[in-house]
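Okay, here's what each chain looks like letter by letter:
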Amino acid sequence: MNMATESDLSSWTDLLHSSTKILEQAAPSAQFPPLQRNLDQLEALSKKLKSKTLRAEAPSQSIAATRLLAREGLNAEQLARDLKSFELKTTFEDVFPAEATSVEEYLQQVHEMAMVSAIQEAQKDNLKSFNDCMMKVMKEDWQKEKCDFLQSLSRISTLPRTNISDSSAGATRPGQIVSMISSPQISSGPSSIGLAPLANKPVLEKKASVYAEVVKNLNSARERGLPFKPATAFKCAYESLGLETSGGKSVNMQKIWHLLQTLMGEDIAVQRNVSRKMSLVIGARRHLEWGHEKYILDTIQSHPVQAALGGVVGNLQRIRAFLRIRLRDYGVLDFDAGDARRQPPVDTTWQQIYFCLRTGFYEEAIQVARSSRVSNQFASQLTEWITTGGMVSAETAAVASEECDKMLRMGDRVGRAAYDKKKLLLYAIVSGSRRHIDRLLRDLPTLFNTIEDFLWFKLSAVQDCPGGSSSVVLNEGLVPYSLDDLQNYLNKFEPSYYTKNGKDPLVYPYVLLLSIQLLPTVLYLSKEMGVEGYNVDATHISIVLADHGVLSEGAGAGQKLGVMDAFAEASNIIRQYGLVYLRSGDLSTVLEYYAQAAAAVGGGQLSWTGKGNIDQQWQRNLMLKQLLTELLLRDGGIYLLLGPRGAGEEGELSRFMTDVKARQQFLLEASCQCQDAGLYDRSIEIQKRIGAFSLALDTINRCLSEAICALARGRLDGESRTTGLIQSGNEILETYKYYPEVRVFQEREHVMEQQTVLRQLEGILSIHKLARVGHYLDALREVAKLPFLPLDPRAPDTTPDVFQNLSSHVQACVPDLLKVALSSMDYVTDTDGSLRALRTKIANFLANNLHRNWPRDLYEKVARAL
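The rules behind these values
Per chain, the residues get numbers from 1 upward, laid out in the order the sequence is written. Local features in this predicted model are restricted to residues whose pLDDT is 70 or higher, and side-chain atom pairs enter the listing and the counts only when it is 80 or higher, whereas totals over whole chains, interfaces and linings include all residues. Only hydrogens and water are set aside when side-chain values are computed; all heavy atoms of the structure are taken into account. A run of H or I in DSSP becomes a helix once it reaches four residues, and a run of E becomes a strand once it reaches two; helices and strands are each numbered from the N terminus. Any residue under 20% of the maximum accessible area for its type is buried, any over 50% is exposed, and the rest in between are partly exposed; the area is computed with a 1.4 Å probe on protein chains only. By definition in these notes, contact holds between two residues if any of their heavy atoms fall within 4.5 Å. Areas reported here follow the Shrake-Rupley algorithm with a probe of radius 1.4 Å; residue values treat only the protein chains shown as occluding. Expected span of a helix: the number of residues minus one, times 1.5 Å. For this analysis, a polar contact is any N or O atom pair within 3.5 Å, provided that within protein one partner can donate a hydrogen and the other can accept it, and provided that sequence-adjacent residues contribute only side-chain to side-chain pairs. The arc in question is the one traced by the directions running from the helix axis out to the C-beta atoms. The salt bridge criterion pairs a side-chain nitrogen of Lys or Arg with a carboxyl oxygen of Asp or Glu, the two atoms within 4 Å. Every residue carries a pLDDT, the predictor's confidence in it, which falls somewhere between 0 and 100. By nonpolar core we mean a set of buried residues, namely Ala, Val, Leu, Ile, Met, Phe, Trp, Tyr and Cys, connected to one another through side-chain atoms within 4.5 Å. Exposure above 30% relative accessible area and the lack of any salt bridge qualify a residue for a patch; like charges then connect within 9 Å, and the nonpolar side chains Val, Leu, Ile, Met, Phe, Trp and Tyr within 5 Å. With axes taken as lines fitted to C-alpha atoms, and helix axes fitted only over the stretch in contact, angles between N-to-C directions fall between 0 and 180 degrees. By definition in this entry, angles of less than 35 degrees are roughly parallel, angles greater than 145 are roughly antiparallel, angles of 65 to 115 are roughly perpendicular, and the rest are oblique. Classification convention: Asp, Glu, Lys, Arg as charged; Ala, Val, Leu, Ile, Met, Phe, Trp, Tyr, Cys, Pro as nonpolar; all other residues, Gly among them, as polar. Ring pairs shown here join Phe, Tyr and Trp side chains whose ring centres sit within 6.5 Å, with only the six-membered ring taken for Trp; geometry is labelled stacked below 30 degrees between planes, edge-to-face above 60, and tilted in between. Two cysteine sulfurs form a disulfide in these notes if their separation is within 2.5 Å. Here is the rule for handedness: rotate from the far helix to the near one, and if that takes an anticlockwise turn smaller than a right angle the crossing is left-handed, while a clockwise turn gives right-handed.

Caption draft 1: Layout of the overall build of the protein chain. The helix and strand tally for the protein chain stands at 38 helices and zero strands. Looking at the protein chain residue by residue over its 866 residues, the buried ones come to 42%. The long-range fraction of contacts in the protein chain, counting pairs at least 24 apart against all pairs at least 6 apart in sequence, stands at 64%. Put simply, the protein chain shows about 48,400 Å² of open surface, and 53% of that area lies on carbon and sulfur atoms.

Rendered as structure tokens:
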């Protein structure tokens, strides 16, 4: 080790001496000044130089690789940097050996692989779409369930509570028939739902609340013969809720109510010289014209500079301001041209006439037509069309049709000046020719920008054809365009086409209404059960249509419904809606909707005055009786319809039946239906109200007979019920003495007969009670004393038809009475032979009435006793 160190030192010493000599021999250079460095400095500089050239100590293999890359002209450092940023990715690669297959097979394999890949990708997309759709549906269902649950809680918490524990109940004897029907404690008026603040209610309940108030006002006006506009009232009620938000929907319920208002002609006087169907068509057209007027005003307000309206606010000036905006790229318009010699202005005559008509400015349209040379001939035809409501004469239609033919031929010729499309539209409207209208829409499919413009044109061209367009042919073989043609065309498309797959749900019913398909509109909306409550709107739309009596005119194309069928459909919708209030106990509101349901069958407004046809009036009265009877069967129904006392004079029944005899006859029939339904307490209450005391006593005797039979068979509630029935019977007899009009319905003898039956049943009941407490001897003595049965041992035999003269209610109690008598004899000793004589009387009684078909166990008891 020491030797190695010495040799190294000697080598370093030699190197130092040699470098010193070289330094002495070297001549100084002016370019490079001499540098003096000691050994330590040289060592430090050498290490620094080494660190710059080699960042790390490279092994011998790395050095060799670097030399090899340098020999091939590759930069090792650049290659190292590129490798650091290099990333491996999966790529598509051909896995088919091209050399082993033909071109056709190769392409077939590639095609199959591409199809498989596309199918797999489509499956993934479908699965993702399905999961997204199911999640959306689940969220919507959950939202609906949550809303329904909260609404049900709201209804439950706000329902009127019936307090049946009255302080006076202690004075009522057990089992006494004191029906809660006639008690004023039952809430038959508006429920306490109406007391809640309107702002805290859901949308559906808000609608229902304001609509129900309108229905009450409508019924009140119809009863008193006062004018009332139901569509206008419902529209105002809906607007008072402030529910409308745009939300990207083109049609809202407010727009539909305005359409109904114009359809029914409530906003303007209806033309008298047109049919009802054409008045509906004109109303739909006026609604579209109203909407276009709003569109024009909005356009002018959005472009005030281009409109250049100034301070003039006339209708024609508005149309011209709108045309300045619409035709701003066409140059100077004729009504703005100061000097026509400089530059020929754009002739807007037909544009002005068309947009005046489209906006409902009929007077201005005639004014423009008369003032222009190009349209002077058309002015008379236009005037006739406006005056007659679209029903021009055959000669005028033929002239307009001929002009359409000329323009269409002109358009077919190459090199001829094109005709004004608005002129063709106007002449086609006046002609009313189906051929021209169909060809115009076929040749110019982009003529109308909106469905409103399209429907306005179609409605303007509709002619009144009672038997359909095919049955009416004008001069020169012209077939008029009918409402059925329009409806058939619109019905070719599914509802989803109009609603954009549910994004704009009210467009389809809006189109149905515009095309006078009234009943299909109601049926479609009644099926919409969403949170918007369109089914509630449908019910009240049907009320408006039924009140105006137009349902038969709007059954829709292809609907083979009769007049009564259309009214019956609307009546059923109204009645079903009223049942919602019936379930919540709001009988007062139910009554209002039931009255409208009956009026719908009777033809609407005319049914209130009796001016409808006989068949409709009969249908209305029949349904009204059925619905009122349905209310009478409900708790609180008698108090609502009849009032606290009387036969309806102080209740709601007098609103619908003003004749006293008609009311009493209706109540008699209703009491019979109550008996058929087993509601004897309500039947008795009704019979008492109308003074039918013998019928009420007969009902009580029937119930008492059944209660006695139940008591004999061991029913625990029989005794309490019999006590209440007897008490009610005595009260009726007491009321009968002071009733002033008793002879109107029943004779005194009938009341006395029922009183006798009541006393006989009381005697039978007393015998059962004695036997139940073990007083058998007393029970047998009472049996012998019964005056209506030949069972007295000391009395001679009577005629065998005694039993036949008894009331059926008493006859029903005799078998159990005889069983009780025979059973009581087993506990009593016969000391004087009277019991044996009583047994003989019973046996003879049965023998004399063998046709009665007595119970088998009764025969057995008699046989054992003898």
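Caption draft 2: Looking closely at helix H30 (residues 660-676). Helix length check: H30, at 17 residues, gives a terminal C-alpha distance of 25 Å against a target of 24 Å (1.5 Å per residue), a fit within 8%. For H30, the complete set of buried residues consists of Arg663, Gln664, Phe666, Leu667, Leu668, Ala670, Ser671, Cys674 and Gln675. Where H30 is buried, its residues contact helix H27 (614-632), helix H28 (637-642), helix H29 (653-656), helix H31 (680-689) and helix H32 (693-712). The residue sitting at the N-terminus of H30 and contributing the capping side-chain oxygen is Asp659; that oxygen lies 3.3 Å from the backbone nitrogen of Lys661. Directly after H30, the chain includes Gly678, whose backbone phi takes a positive value near 80°.

Caption draft 3: Quick look at helix H35 (residues 776-785). Along H35, the residues that are buried comprise Ala779, Leu780, Val783 and Ala784. Projected down its long axis, H35 shows its buried positions confined to an angular sector of 140°, all on one face. The inward-facing, buried residues of H35 abut helix H34 (748-772), helix H36 (808-825) and helix H37 (834-848).

Caption draft 4: Geometry of the side chain of Gln352. On the secondary structure map, Gln352 appears in helix H12 (residues 349-359). Its relative accessible area of 3% is what places Gln352 among the buried residues. Among the polar contacts made by the side chain of Gln352, one reaches the side chain of Arg320 at a distance of 3.0 Å. Other than its neighbours up to four places away in sequence, Gln352 contacts Leu316, Ile319, Arg320, Leu323, Asp334, Phe335 and Val368.

Caption draft 5: Inspection of the environment of Leu545 at higher detail. Along the chain, Leu545 falls in helix H23 (residues 534-548). Put simply, Leu545 and Leu519 are 26 residues apart on the chain and 8.8 Å apart in space, counted from C-alpha to C-alpha. Residues in contact with Leu545, not counting those within four places in the same chain, are Leu260, Met264, Leu518, Val522, Val550 and Leu551.

Caption draft 6: How the structure looks around the pattern of salt bridges. Counted by the stated rule, this structure contains 24 salt bridges. Here Glu239 and Lys235 are joined by a salt bridge, their closest N and O atoms 2.9 Å apart. In this pair, Glu239 and Lys235 both sit in helix H7 (residues 230-241), four residues apart, roughly one turn of the helix. By relative accessible area, which is 15% here, Lys235 ends up buried.

Caption draft 7: Inspection of the environment of Asn701 at higher detail. Position of Asn701 among the secondary structure elements: in helix H32. In this structure the C-alpha to C-alpha distance between Asn701 and Glu762, which are 61 residues apart in sequence, comes to 9.9 Å. If we skip the residues at most four places from it in the chain, Asn701 touches Gln754, Val757, Leu758, Leu761 and His809. Among the polar contacts made by the side chain of Asn701, one reaches the side chain of Gln754 at a distance of 2.9 Å.

Caption draft 8: Representation of unusual backbone geometry within the structure. Its identity is not glycine, yet Lys500 carries a phi of approximately 55°, on the positive side. Checked against the element boundaries, Lys500 lands in the loop between helix H20 (495-499) and helix H21 (507-514).

Caption draft 9: Layout of the confidence of the model for the protein chain. Counting all residues, the mean pLDDT for the protein chain is 79, and 80% of those residues have values of 70 or more. For residues 468-476, every residue scores under 50 in pLDDT, and the model assigns this stretch 15 contacts once sequence neighbours within four places are set aside.

Caption draft 10: Summary view of the nonpolar core. Formed by 154 residues in total, the largest nonpolar core has its most connected members in Leu263, Ile353, Leu357, Leu382 and Phe457. In this structure Leu357 touches Glu289, Tyr362, Ala365, Leu382, Trp385, Ile386, Leu426 and Trp456, once residues within four positions along its chain are discounted. Residues Ile732, Leu765, Val783 and Ala843 belong to the second largest nonpolar core, which totals 53 residues.

Caption draft 11: Structural context of a nonpolar patch on the surface. A cluster of nonpolar residues, Trp12, Leu15, Leu39 and Leu42, forms a patch on the protein surface that exposes about 450 Å² of accessible area. Of all the elements in the fold, those that place two or more residues in the nonpolar patch are helix H1 (2-25) and helix H2 (39-53). Looking at the secondary structure, you find Leu39 in helix H2.

Caption draft 12: Structural detail: the packing of helix H16 (residues 421-431) against helix H18 (residues 451-461). It is at 7 Å that the axes of H16 and H18 come closest, and there the two elements cross at 40°. The angle between H16 and H18 places the two elements in the oblique class. Residues Leu425, Ala428 and Ile429 of H16 form the contact with H18, whose participating residues are Trp456, Phe457, Ser460 and Ala461. Of the residues that constitute the contact of H16 with H18, the class distribution is six nonpolar, one polar and no charged.

Caption draft 13: Region of the structure containing the packing of aromatic side chains. Summed over the entire model, instances satisfying the criterion amount to 26 aromatic pairs. A centroid spacing of 6.2 Å and a plane angle of 75° characterise the contact between Phe448 and Phe454, whose relative ring orientation is edge-to-face. Their ring planes at 70° and their centres at 6.1 Å tell us that Phe693 and Tyr736 sit as a pair that is edge-to-face. Taken together, the residues Phe693 in helix H32 and Tyr736 in helix H33 (residues 718-738) connect sequence positions 43 residues apart. Overall, Tyr736 belongs to the buried group, its relative accessible area being 8%.

Caption draft 14: Quick peek at the state of the cysteines. Under the definition given, this model contains zero disulfides. With no disulfide of its own, Cys674 lies closest to Cys672 among cysteine sulfurs, the gap being 9.1 Å.

Caption draft 15: Spotlight on the side chain of Arg285. Position of Arg285 relative to the elements: it lies in helix H9 (residues 276-302). With relative accessibility at 4%, the residue Arg285 sits in the buried group. In this structure Arg285 touches Tyr362, Trp385, Trp456, Leu459 and Ser460, once residues within four positions along its chain are discounted.

Caption draft 16: How the structure looks around the packing of H9 against helix H11 (residues 315-326). The geometry of H9 relative to H11 is characterised by a closest axis approach of 10 Å and an angle of 60° between their N-to-C directions. Taken together, H9 and H11 sit at an angle that is classed as oblique. Of the two elements, H9 crosses H11, and the hand of that crossing is left-handed. Facing Tyr295, Ile296, Leu297, Thr299 and Ile300 of H9, the residues of H11 in contact are Arg318, Ile319, Ala321, Phe322 and Ile325. Residue composition of the contact of H9 with H11, grouped by class: eight nonpolar, one polar and one charged.

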